[in-house]
Amino acid sequence: MTRQPLFLCQNGRRGDVVLSRAVFAAAARSGRFDLVLGCCRDDAPLLADLAGPHSRIAAGAFANTPHGAPLDLRHLNDDGRPALAIWLGGNEAWPSYQWADTVRSFDRALARLGIDCALGDAAAATVPMLDFAGEVALPALRRQTIYLDNARTLHEPSHFVFDFERLCDVLPDHDFVCTAPVPEPQPALLDGSGLSPLQRSRLSDRCQLLVGTTFDPFVLTLTEANRSKPKAMCGHDARTTPVPWDYPGNPLELLATMDDLIDFLLANVAVEARR
Amino acid sequence: MNAFALAQALDALATASPERHGYGYSDTQHPWRHDPAIEQGRQVVLEFLGEVRQRGLGGTFVQIGLGRRGGMHRALRLLARRVVSVERDAAVVAAFAAAGDLGDGDVLVTGDSHAALVQRQVAAAANGCDLLLLDGDDSYAGMRADFEAYAPLVRVGGLVAIGDRSQAFPDDHRPYDVDRFVHDLQRDWLLPRGVRARRLGGAHAIHCYLQTAATAGAVALPWPQGRGTVVPAPDLGQHAGCSVHELGGRCFAVAPPVPELRRRAILRNEPQLLLTAATRSDVAALAEAFAAAQPVLQQALALLPLGQPGAARQLVADLERDFPGLRAALLPSLEAAPHNRELLLAVGTLSLLGGRPREGAALLRRALEQAWLDKNLLLALARACTDVLGDEAAARELLDAARRQVRKRQVAAICHERLSGNVLWHYPQLLADVRGVLQVGAHTGEEVEAFQLLGIEHQAYLEPQPQAFAALQARCRELGVRSPVLLPFAAGSTCGERDLRCAFRSERASFLATHELARLPADERQLTTHRVPVRTLDSLVDDGTIDPQRCDLLLVDTEGSELEVLQGARQLLAHVDLVCVAVCLEPIYAGAPLPQEIQGFLRELGDDAFALRAFEPGPDPARGDAVFRRIEGRR
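Residues numbered from 1 in each chain as written. Chains lettered and ligands numbered in written order. Predicted model: local features only at pLDDT ≥ 70, side-chain atom pairs only at ≥ 80, totals over all residues. Heavy atoms only, no water.

Trainee: So what's going on with the overall build of chain B? Residues and values would help.
Mentor: When you go through chain B residue by residue, the secondary structure sums to 23 helices and 23 strands. Taking the principal axes of its C-alpha atoms as reference, chain B extends roughly 85 × 75 × 45 Å. For chain B, the proportion of its 635 residues judged to be buried stands at 52%. For chain B, the proportion of contacts with a sequence separation of at least 24, taken over those separated by at least 6, is 64%. (Helix = DSSP H or I, 4+ residues; strand = E, 2+ residues; numbered from the N terminus. Buried < 20%, exposed > 50% of the residue type's maximum accessible area, 1.4 Å probe, protein only. Contact = heavy atoms within 4.5 Å.)

As structure tokens, this is what we get:
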């Protein structure tokens, strides 16, 4: 069968690249495309496991930035195949970050390129998780650990400050693996700021609960192992913030205050203890 | 001043004079240009001023930190009798004073807010003030020092506010920042005294609390001094017109020279040029190389529009011989400051003409996107697409994009500088692609001049009142509208004739009777009726009177029968991108639809659905305008 040559890339931030893995993987799985996946230099490890006989990675010379790729990654399309920058759904200025919208946008973009290879409604029906393949070295966890994604990217509506002392006080039997440096190191606060995105993703699989702030980089925890795990994003107004990458049975809670977070942790640690 | 008037006044301040005062708010800046008129988020400032207004505070306000443009000082001035501002940068103070932005009684204190002399001056001018806004030193220690010095000046019942941009520009190298200061203050000082600070906003935030007897007086914070101290990166000397600094283990050369380099300035792309290398000598050498190379690269780029790519390539080849590895040496600088235009141009040109043409073109495109009016760069890049990349389609796409961007700016300028009185002029980004307008209820053509100014080629108007229609015709002639479609009909959901109820003010003519609860002035009371022909817009499409392909914008202002007009326009709506509808917010006409009904109708058109994009009440609080934009097919 002749495969349609196609260049795909994601010009957004690292979190957007992680989400775009779902599109890249769906396109590769469909068997209809011969793919080149363009990315920034430091995002190449995020896509490395998608390389295959009909899918290669083209990494640029520049690292990704807090505002997204420093230049349009379609410049990496060096053999003139049709090129498409992934849009993560919706028709507004900002993406909706929903899978069904993303598939619809992808299919529409293919149609605009004159390519009759839509992923279709069947692909949109099940929201995929974003597991990374391959082995990575992980630090050993000595006891029950909570994944605390205190790294953040700019997300205008959200604002949150972790009270680390209070976290350690209310859960003295737990460790917290933190993805950004903490102001006052404590024994229960494990420094995960030096871990790679793949390592963070894998480490989150081993954690009991998942807590983050902004969706990027919390998106790294969207794995099959974490699909039903108690998880929360802090610093959001649940009345006005849509749940990103939503799926049936998504346990994600949007919490506004430190008190809300403490309640969430205590309730879910108690549930886990009873299991 | 009510909330609406306050918002209008604030927006006017934020957009009045871009060159002198900056433009907009801190949360709406481009990544490559951070020059807001008001250095806070719009919603945050509105909420904050709303809080101040609601509490009836209007005496003396104190602001620590004037900011680069003094926008918050001018914003506070909307409510305060006088504002006392402290700013350490004498140049900023001088510029602010010279711009004539000081109000009567305002006081500007020049100096470091931590200095005892400055603190005494402020205390003398503003002891017992109504409001304190700490918006200066954006570090934990600096904010603490300001808080300890100035919070006691606020009277009981006044507001203490802390501006916080720490999460808008997160600095990984500062684990202690303003957000942590506020958190610690709340936990250890305010809550034990029964006071809770309120946070307004998100990443751009203002935290504020009401001063009570318990919190007034000398502040004794329980944490040791030195917590969260930040060592600034001072100027280590100058080289090739740049000041050199060490920050986070790397050396930076910055132009124009600055006394100290802050990481937030890098995040906001404030330096005109930023170079980085591992050591001081490396960055000095890089600065010298860049200073020598930049004119050559500009010359090479200038050869492209002249059709001399070969000569341009030779210049770059000679440069690379003289400065081997220059591109590789500049890459870390571009990574540190990815929006720096000087670097984009330099590395872009080196790449374009040095063997990486696609990468170079993409970098130059990013530079162009920061300044679409740079005609020289546009021409150079277009020629590069054809002569270097051999891609004519890319050149055409580039020129189309440039045309659209120029059009956007033209429309924005016209809307901002010359138009008022319609909600559409507040959203020029929606109008840039409009090529044709159909207005139902055009009256005497009050909007015709605006559409002419905006260069909207195709204009169609419906107006059933004979006198108003005659005035509309005259107006179109007077303004030189080319081939307008002028139709003396009303529009509705069915064709036929109906009685139009007219008032003294002819623009208030309606098919609907006045609602029994309506409170109308005398000149809007319905006096007479006239029989007028009614057509559906779809029937006008069917008989070829209206060309739906040429109508991007549909305006409907028919005094309560707007929903009927839309119901008779389903076929037309499939071609329209933008709908602006007058809505009644209070009972005016019996049977007039609620705004939600109009929104629901437009939302439920299936594949042709529209979403509410903007809504504004008018000067008459009983009326407003809603703008809907097509949902599907945009992406």
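Trainee: Could you give me a rundown of the overall build of chain A, with the residues and numbers involved?
Mentor: Along the backbone of chain A there are 8 helices and 10 strands. On C-alpha atoms alone, chain A measures out to a radius of gyration of 19 Å, which is about the 19 Å that the 2.2 N^0.38 rule sets for 275 residues. When its C-alpha atoms are laid out on the principal axes, chain A stretches across 60 × 35 × 35 Å. Burial statistics for chain A: of 275 residues in total, 56% are counted as buried. Sequence separation of 24 or more characterises 62% of the internal contacts of chain A that already satisfy a separation of 6 or more. Total accessible area on chain A is roughly 11,300 Å²; 54% of this is exposed by carbon and sulfur atoms. Across chain A, the 26 positively charged side chains and the 34 negatively charged ones have centroids separated by 5 Å. (Rg over C-alpha atoms; globule rule 2.2 N^0.38 Å. Areas by Shrake-Rupley, 256 points an atom, 1.4 Å probe, with all protein chains shown as cover. Lys, Arg positive; Asp, Glu negative; His and termini not counted. Charge placed at Lys NZ, Arg CZ, Asp CG, Glu CD.)

Trainee: Let's hear about the interface of chain B and chain A: which residues, and what values?
Mentor: The partner chain A presents 38 residues to the 36 residues of chain B that form the contact. Roughly 3,200 Å² of surface becomes buried between chain B and chain A when both sides are summed, with 51% attributable to carbon and sulfur atoms. Counting across the interface, chain B meets chain A through 2 salt bridges. A salt bridge links R187(B) to D163(A); the nearest nitrogen and oxygen atoms lie 3.4 Å apart. Applying the counting rule to chain B against chain A returns 15 residue pairs in polar contact (both at pLDDT 80 or more). At the level of secondary structure, the elements contributing two or more residues to the side of chain B that touches chain A comprise helix 8 (178-190), strand 7 (205-210), helix 12 (326-336) and helix 14 (357-370) of chain B. Here the side of chain B that touches chain A gets 5 residues from one element, more than from any other, and that element is helix 14 of chain B. Among the residues forming the side of chain B that touches chain A, the class breakdown is 13 nonpolar, 7 polar and 16 charged. (Buried area = accessible area lost by both parts, 1.4 Å probe. Salt bridge = Lys/Arg side-chain N within 4 Å of Asp/Glu carboxyl O. Polar contact = N/O pair within 3.5 Å; in protein donor to acceptor, adjacent residues only side chain to side chain. Nonpolar A, V, L, I, M, F, W, Y, C, P; charged D, E, K, R; others polar.)

Trainee: Which residues make up unusual backbone geometry, and what are the values?
Mentor: A cis geometry characterises the amide bond from D216(A) onward to P217(A), with omega recorded as 15°. Along the chain, P217(A) falls in helix 7 (residues 215-218). Between A255(B) and P256(B) the backbone carries a cis peptide bond, its omega angle lying at -5°. Positive phi, close to 50°, is recorded for A240(B), a residue that is not glycine. Within the fold, A240(B) resides in the loop between strand 9 (238-239) and strand 10 (242-247). Assessed through its relative accessible area of 41%, A240(B) is described here as partly exposed.

Trainee: Could you give me a rundown of a nonpolar patch on the surface, with the residues and numbers involved?
Mentor: A contiguous nonpolar patch, built from L585(B), L612(B) and F615(B) and spanning about 230 Å² of accessible area, is present on the exposed surface. With respect to the helices and strands, the residue F615(B) is situated in strand 22 (residues 610-617). (Patch = residues over 30% accessible without salt bridge, like charges linked within 9 Å, V, L, I, M, F, W, Y side chains within 5 Å.)

Trainee: Could you give an account of the side chain of R200(A), with specific residues and numbers?
Mentor: All names here are of chain A. Along the chain, R200 turns up in helix 6 (residues 197-206). One buried charged residue, R200, forms no salt bridge at all, with the nearest opposite charge on D149 at 4.6 Å. Other than its neighbours up to four places away in sequence, R200 contacts Y147, A151, T179, G192, S193, L195 and L220.

Trainee: Describe the sheet that holds strand 20 (residues 553-556) of chain B, listing the residues and the values that go with them.
Mentor: All names here are of chain B. In space, the 7 strands of this open sheet follow the order 16-15-14-20-21-23-22, with mixed pairing throughout. The open sheet has two edge strands with one neighbour each: strand 16 (485-487) and strand 22. Mean inter-strand twist for the sheet, computed between neighbouring axes without regard to direction, equals 15°. Bridge count between strand 14 (residues 436-440) and strand 20: 4 bridges; the pairing is parallel. By the bridge assignment, V437 is partnered in strand 20 with L553. Against the sheet, helix 19 (residues 466-478) makes contact with strand 15 (458-462) and strand 16, and its axis sits at roughly 170° relative to strand 16, the strand it touches most. (Pairing = 2+ DSSP bridges. Axes fitted to C-alpha atoms, helices over the stretch in contact; angles between N-to-C directions.)

Trainee: Explain the side chain of N11(A) to me, using residue names and the numbers behind them.
Mentor: Residue and element names in this part refer to chain A. Locating N11 in the fold gives a position in the loop between strand 1 (4-9) and helix 1 (14-29). Within polar-contact distance, the side chain of N11 engages the side chain of D72 at 3.1 Å. At 2.9 Å, the side chain of N11 forms a polar contact with the backbone nitrogen of L73. Beyond its immediate chain neighbours, meaning those up to four positions away, N11 contacts G68, A69, L71, D72, L73 and A85.

Trainee: A description of the confidence of the model for chain B should follow, citing residues and the corresponding values.
Mentor: Per-chain confidence: chain B averages 92 in pLDDT, with 99% of residues scoring 70 or above. Confidence metrics for the complex model read pTM 0.88 and ipTM 0.92. (pLDDT = per-residue confidence, 0-100.)

Trainee: Describe the sheet that holds strand 5 (residues 145-149) of chain A, listing the residues and the values that go with them.
Mentor: Residue and element names in this part refer to chain A. Strand order in this open sheet of 6 strands is 7-6-5-8-9-10, and the pairing throughout is parallel. Whereas interior strands pair on both sides, the edge strands pair on one side only; in this sheet they are strand 7 (189-191) and strand 10 (253-255). This sheet shows a mean twist of 25° between the axes of neighbouring strands, independent of strand direction. With 4 bridges joining them, strand 5 and strand 8 (residues 209-212) adopt parallel strand pairing. By the bridge assignment, L148 is partnered in strand 8 with V211.

Trainee: Give a description of the packing of aromatic side chains that names residues and reports values.
Mentor: Residues and elements named next belong to chain B. Tallied over the entire structure, the rule returns 11 aromatic pairs over all chains. Measuring from centroid to centroid gives 5.2 Å for Y140 and Y176, while their planes differ by 80°, and the two rings are edge-to-face. Remark: Y176 occurs in the loop between strand 5 (154-164) and helix 8 and Y140 occurs in helix 7 (residues 140-150); sequence separation between them is 36 residues. Taking the relative accessible area as the measure of exposure, Y140 reaches 0% and is therefore buried. Where W425 meets F451, the ring centres are 6.0 Å apart and the plane angle is 75°; that geometry is what we call edge-to-face. With a gap of 26 residues between them, W425 in the loop between helix 16 (392-418) and helix 17 (428-431) and F451 in helix 18 (residues 448-453) connect regions that are remote in the sequence. Here the two residues W425 and F451 agree in accessibility, since each one is buried. These aromatic residues form a ring-pair network of at least three members: Y140, F147, Y176, F181, Y209 and W223. (Phe/Tyr/Trp six-rings, centres within 6.5 Å; stacked < 30°, edge-to-face > 60°.)

Trainee: Give me the packing of helix 15 (residues 375-388) of chain B against helix 16 of chain B: which residues, what numbers.
Mentor: Residue and element names in this part refer to chain B. Across the interface, helix 15 lies against helix 16 with an axial gap of 7 Å and an inter-helix angle of 160°. Here helix 15 is positioned roughly antiparallel relative to helix 16, judged by the angle of their axes. Handedness of the helix 15/helix 16 crossing: right-handed. Contacts from L378, L381, A382, C385 and T386 of helix 15 reach helix 16 at E392, A394, A395, L398, L399 and A402. Its residues assigned to classes, the contact of helix 15 with helix 16 shows 9 nonpolar, 1 polar and 1 charged. (Parallel < 35°, antiparallel > 145°, perpendicular 65-115°, else oblique. Left-handed = near helix turned anticlockwise from the far one by under 90°.)

Trainee: Quick rundown of the pairing of strand 5 of chain B? Include the residues and the values.
Mentor: Residue and element names in this part refer to chain B. In terms of burial, strand 5 is largely enclosed, as 8 of its 11 residues are buried. Where strand 4 (residues 129-134) lies against strand 5, 5 bridges are found, and the strand directions are parallel. Note on strand 5: the bridge partner recorded for L132 is V160. In the classification by handedness, the crossover that spans strand 4, the intervening helix 7 and the parallel strand 5 is right-handed. When strand 5 meets strand 7, the two strands line up antiparallel, connected through 6 bridges. Within strand 7, the residue paired with D164 across the bridge is A205. (Right-handed = clockwise from strand over helix to strand, strands pointing away.)

Trainee: Hey, could you go over the nonpolar core for me, with residue numbers and the actual values?
Mentor: Residues L275(B), L304(B), L326(B), L330(B), L343(B), L352(B) and L353(B) are the most contacted members of the largest nonpolar core, which totals 62 residues. For this core, the leading source of residues is helix 10 (residues 280-303) of chain B, giving 10 residues. Sequence-distant contacts of L326(B), that is, excluding residues within four places in its chain, are made with L286(B), A289(B), A293(B), L319(B) and L350(B). Membership of the second largest hydrophobic core comes to 52 residues, among which are V18(A), L84(A), I86(A) and M129(A). (Core = buried A, V, L, I, M, F, W, Y, C linked by side-chain atoms within 4.5 Å.)

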